[in-house]
Amino acid sequence: METKVIKLDYASLDQVLLQEAGAVLRQGGLVAFPTETVYGLGGDALNPEAARKIYKAKGRPSDNPLIVHIARREDLHRIARNISPEAEKLMESFWPGPLTLIFQKTEQVPAQTTGGLSTVAVRMPRDMIASAFIQASGGFVAAPSANVSGRPSTTTAAHVEEDLRGRIEMILDGGQAVIGLESTIVDVSEEKPVILRPGVITREMLEAVVGEILVDQALIQPGSDIKPKAPGMKYRHYAPKAELIIVEGNSEAVAREINRLVNQWEQEGKRAGVLAAEESKGQYSQGLVKSVGSRKQEEEIATHLYQVLREFDETEVTRIYSESFADARIGAAIMNRLLKAAGHRVIQV
Ligand code: TXA
Ligand code: MG
């Protein structure tokens, strides 16, 4: 299949092109589109056949449910029921934006979209192209991140092409995704809200709106046998091609240990990479060193993390040593993704 790439300009959204993209979804096809978090691989959420195509294009297990994206609050009632007062408050504060909420689903949502679950994940993106595209598609767009299953999520249209060219009808190019990490997921289908996946909407921000909030046990004890409540969180995700190992401790000890490990690896005739913060990248004398951004700007690290992991894939590097990052606020989401990419391999120094 030929994949058509369409460049869109936020300043003057081309309605004719958006209608064309919408028509692809209405006819059961797939279109990748930008959102403020990462690119999504969209299909009609109310069409079971489209969900099947999404799983196939990504190579994703079909028990892993999809997020349904909407563009208007009033559309929520068609797909979700038993909407709690806490959920209302969260939507009031954070929609449109990088927050996904899990509700009890209505019969309108096919089991294929939710991986057989009785709940449905819903998000209303803030991105203008996403919003216009969802409306042009009929209002309900199922979209996982637009990457091949197991690879880092995509934050540019070029990344999407790398992974999905030839497998989908169309890619809408809206440039670089501003946030760069997937949405925060909160389950509001039961009595107390529970965070299933951390994101740039932090626990503190959520608690400021609804009071104390729970965190899925599987997030608190990563690498343990506890089964995560978001089925997708159990897979080794966001993985670069090289083996990734995190080195944790005080910054001087970390630099010393990484230098030693890189030297050891390269002496065997292999290439090593270093994933470092802007402040400490100068500490490394050997290996391919890449900065992911300044520790003073967590947003910057979030935006660049997947991009940097993908850049390593273009190189000969077979082992990457990464610094660790503080895990307060957005850092919780950054470390969640980095630990998964590393398959939880951490060296403490
Ligand atoms: O920022 C995002 O959320 C991006 C953009 C495209 O919106 N989407 C995204 O989708 O990250 P995906 O499919 O890569 O991740 C969705 C996660 C998976 O871990 C999935 O298991 C979980 O959401 N999920 C979806 N529906 C669920 C449900 N009903 N109950 C629990 N977890 C659910
Ligand atoms: Mg994903």
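Residues numbered from 1 in each chain as written. Chains lettered and ligands numbered in written order. Predicted model: local features only at pLDDT ≥ 70, side-chain atom pairs only at ≥ 80, totals over all residues. Heavy atoms only, no water.

### Topic: the overall build of the protein chain
- When its secondary structure is counted, the protein chain shows 11 helices and 17 strands.
- The principal-axis extents of the C-alpha atoms in the protein chain amount to approximately 60 × 50 × 35 Å.
- Residue burial in the protein chain is summarised as follows: out of 349 residues, 58% are buried.
- In the protein chain, once contacts between residues fewer than 6 apart in sequence are set aside, the share between residues at least 24 apart is 68%.
- For the protein chain, the exposed surface amounts to about 14,700 Å²; the carbon and sulfur share of it is 48%.
- Within the protein chain, the 46 negative side-chain charges are centred at a point lying 3 Å from the centre of the 41 positive side-chain charges. (Helix = DSSP H or I, 4+ residues; strand = E, 2+ residues; numbered from the N terminus. Buried < 20%, exposed > 50% of the residue type's maximum accessible area, 1.4 Å probe, protein only. Contact = heavy atoms within 4.5 Å. Areas by Shrake-Rupley, 256 points an atom, 1.4 Å probe, with all protein chains shown as cover. Lys, Arg positive; Asp, Glu negative; His and termini not counted. Charge placed at Lys NZ, Arg CZ, Asp CG, Glu CD.)

### Notes on the sheet that holds strand S14 (residues 272-276)
- Within the open sheet, the five strands sit side by side as S15-S14-S16-S13-S17. Their pairing is parallel. In this open sheet, the two strands that pair with only one neighbour each are strand S15 (288-291) and strand S17 (346-348). Each strand of the sheet is rotated relative to its neighbour by a mean of 25°, with strand direction disregarded.
- Bridge count between strand S13 (residues 243-248) and S17: three bridges; the pairing is parallel. Note on S17: the bridge partner recorded for Glu248 is Gln348.
- The strands that helix H9 (residues 251-267) touches are S13, S14, strand S16 (319-323) and S17; relative to S16, the one it contacts most, it runs at about 175°. (Pairing = 2+ DSSP bridges. Axes fitted to C-alpha atoms, helices over the stretch in contact; angles between N-to-C directions.)

### Some thoughts on helix H11 (residues 331-341)
- Of all 11 residues that make up H11, 10 are buried, and the element is covered over most of its length.
- Among all positions of H11, only Gly331, Ala333, Ile334, Met335, Asn336, Arg337, Leu338, Leu339, Lys340 and Ala341 are buried.
- Here the buried face of H11 lies against strand S11 (194-197), helix H8 (217-220), S13, helix H10 (298-313), S16 and S17.
- Remark: Gly343 follows H11 within two positions and exhibits a positive phi of approximately 55°.

### Focus on the side chain of Lys58
- Mapped onto the secondary structure, Lys58 falls in helix H2 (residues 48-58).
- Of the buried charged residues, Lys58 lacks a salt bridge, with Asp163 as the closest side chain of opposite charge at 7.7 Å.
- Looking at Lys58, its side chain comes within polar contact range of the main-chain oxygen of Asn147, at 3.3 Å.
- Setting aside its immediate chain neighbours within four residues, Lys58 contacts Leu41, Pro144, Ser145, Asn147, Val148 and Ser149. (Salt bridge = Lys/Arg side-chain N within 4 Å of Asp/Glu carboxyl O. Polar contact = N/O pair within 3.5 Å; in protein donor to acceptor, adjacent residues only side chain to side chain.)

### Focus: the site of ligand 1
- Ligand 1 sits among 29 residues. The nearest are Thr37, Asn64, His69, Ser183 and Gly232.
- Residue Arg60 places a side-chain N or O atom 2.9 Å away from an oxygen atom belonging to ligand 1.
- Within the backbone of Pro231, one N or O atom sits 3.3 Å away from an oxygen atom of ligand 1.
- When ligand 1 sits alone it has 680 Å² of accessible area, and the protein chains cover 98% of it.
- Those elements that place two or more of their residues in the shell around ligand 1 are strand S4 (67-69), strand S7 (119-123) and S11.
- Per-class residue counts for the shell around ligand 1 are 16 nonpolar, eight polar and five charged. (Near = heavy atom within 4 Å. Nonpolar A, V, L, I, M, F, W, Y, C, P; charged D, E, K, R; others polar.)

### A look at unusual backbone geometry
- The amide bond that connects Trp95 to the next residue, Pro96, takes the cis arrangement and shows omega of -5°.
- Its location among the elements puts Pro96 in the loop between helix H4 (85-94) and strand S6 (99-105).
- Even without being a glycine, Asn82 presents a positive backbone phi close to 55°.
- You can see Asn82 is positioned in the loop between strand S5 (80-81) and H4.

### Topic: the nonpolar core
- Judged by nonpolar contacts, the single largest core of 44 residues is most densely connected at Leu90, Trp95, Leu99, Leu101, Phe103, Val186 and Leu206.
- Val292, Phe325, Ile330 and Ala342 belong to the second largest nonpolar core, which has 29 residues in total. (Core = buried A, V, L, I, M, F, W, Y, C linked by side-chain atoms within 4.5 Å.)

### Here's the deal with the packing of H10 against H11
- Across the interface, H10 lies against H11 with an axial gap of 9 Å and an inter-helix angle of 20°. The orientation of H10 relative to H11 falls into the category roughly parallel. Relative to H11, H10 is oriented so that their crossing is left-handed. Note on element contacts: H11 touches H10 through Gly331, Ile334, Arg337, Leu338 and Ala341, opposite Glu298, Ile301, Ala302, Leu305, Tyr306 and Leu309.
- Per-class residue counts for the contact of H10 with H11 are eight nonpolar, one polar and two charged. (Parallel < 35°, antiparallel > 145°, perpendicular 65-115°, else oblique. Left-handed = near helix turned anticlockwise from the far one by under 90°.)

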